[in-house]
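Chain residues, written in single-letter form:
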Amino acid sequence: MEIIEAGVHAAEAQAGTEAQGVLRVANDADPLELPLDGVQRIELDFPKFTDGRAYSQAILLRRRRGFAGEIRATGDVLIDQLVQMQRSGFSSAVLKEGKDPVDAQRQFARYPGYYQGDAAKPQPLFKDIV
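Attention in this report is confined to the structure presented alongside it. Worth saying up front: this structure is predicted, and the values here are computed from it rather than measured.

Let us now look at the overall build of the chain. Across its full length, the chain carries four helices and five strands. Going residue by residue from the N terminus, the α and β elements of the chain occur as β-α-β-β-α-β-α-β-α. Taken over 130 residues, the chain has a buried fraction of 39%. Sequence separation of at least 24 residues holds for 59% of the intrachain contacts in the chain that already meet a minimum separation of 6. Surface summary for the chain: the accessible area is close to 7,700 Å², and the carbon and sulfur share equals 51%.

This is the structure we're talking about:
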C-alpha cells in the first residue's frame with residue numbers, strides 16, 4: 001500500500017495534477033451506482049476514524065464492480081487502520097496530518113499474512129495447502 005503524507009496530497013490537489021481520472025466519493029454514496037468510465041483513482045473519505053463506511057465502499061468497488069484502479073483513503077486516516085484498509089481493497093492512503101509514514105509502513109511488517117481471504121487476495125490461506 002502506498003502511504004502519502006497529508007502535505008504531499010494537499011500540494012497535489014492545489015497544483016491541480018489530480019483532477020482528470022479522479023472520482024471523490026462521499027462516504028454516504030452508493031458505490032454500485034457510481035459512473036466509473038475513465039476513472040483511474042477513487043478517493044474514499046473517512047470523515048472521522050470511527051466512521052467505517054468507506055471500508056464497505058472499497059470492498060463493493062473491488063468485488064462487485066471489479067474496479068482495478070487506485071482506491072485512496074482520505075480524511076481522518078490513522079496508522080492502525082492501514083492494514084485493514086489494504087485488506088478491504090485500498091491501494092493508497094493519505095495519512096492524517098502529523099503522522100509519520102515510517103511508522104505507518106511498520107504496520108505491514110507486523111501482520112505478514114492472514115488465514116481468511118480479503119479484497120486483495122480472495123482465496124483463503126488454507127486453499128493453497130490442499
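By the criterion of burial, strand β3 (residues 41-46) is predominantly enclosed, with five of the six residues buried. Pairing between strand β2 (residues 22-25) and β3: four bridges, direction parallel. For V22, the partnering residue across the bridge sits in β3 and is R41. When β3 meets strand β4 (residues 70-75), the two strands line up parallel, connected through six bridges.

Read from one edge of the open sheet, five strands run β1-β5-β4-β3-β2, paired in parallel fashion. The open sheet has two edge strands with one neighbour each: β1 (2-4) and β2. Averaged over all pairs of adjacent strands, the angle between strand axes in this sheet comes to 20°, irrespective of strand direction.

Moving on: the packing of aromatic side chains. One pass over the structure, following the stated rule, counts three aromatic pairs. When the centroid spacing of 5.1 Å and the interplanar angle of 75° are considered together, the rings of F46 and Y55 count as edge-to-face. Neither residue differs from the other here; F46 and Y55 are each classed as buried. Consider the rings of F46 and F90, whose centres lie 5.8 Å apart with planes at 45°: the pair is tilted. You can see F46 sitting in strand β3 and its partner F90 sitting in the loop between α3 (82-88) and β5 (92-94), a full 44 residues away along the chain. Site record: aromatic cluster; members linked through ring pairs are F46, Y55 and F90.

Where helix α2 (residues 53-63) is concerned, the buried positions are A54, Y55, Q57, A58, L61 and R62. Seen end-on, α2 carries its buried residues on one side only, within an arc spanning 160°. Its buried side turned inward, α2 meets β2, β3, β4 and α3.

The rules behind the values
Residues numbered from 1 in each chain as written. Predicted model: local features only at pLDDT ≥ 70, side-chain atom pairs only at ≥ 80, totals over all residues. Heavy atoms only, no water. Helix = DSSP H or I, 4+ residues; strand = E, 2+ residues; numbered from the N terminus. Buried < 20%, exposed > 50% of the residue type's maximum accessible area, 1.4 Å probe, protein only. Contact = heavy atoms within 4.5 Å. Areas by Shrake-Rupley, 256 points an atom, 1.4 Å probe, with all protein chains shown as cover. Pairing = 2+ DSSP bridges. Axes fitted to C-alpha atoms, helices over the stretch in contact; angles between N-to-C directions. Phe/Tyr/Trp six-rings, centres within 6.5 Å; stacked < 30°, edge-to-face > 60°. Arc of directions from axis to C-beta.

Note that every value here comes from positions in space, so none of it alone points to a role or purpose.
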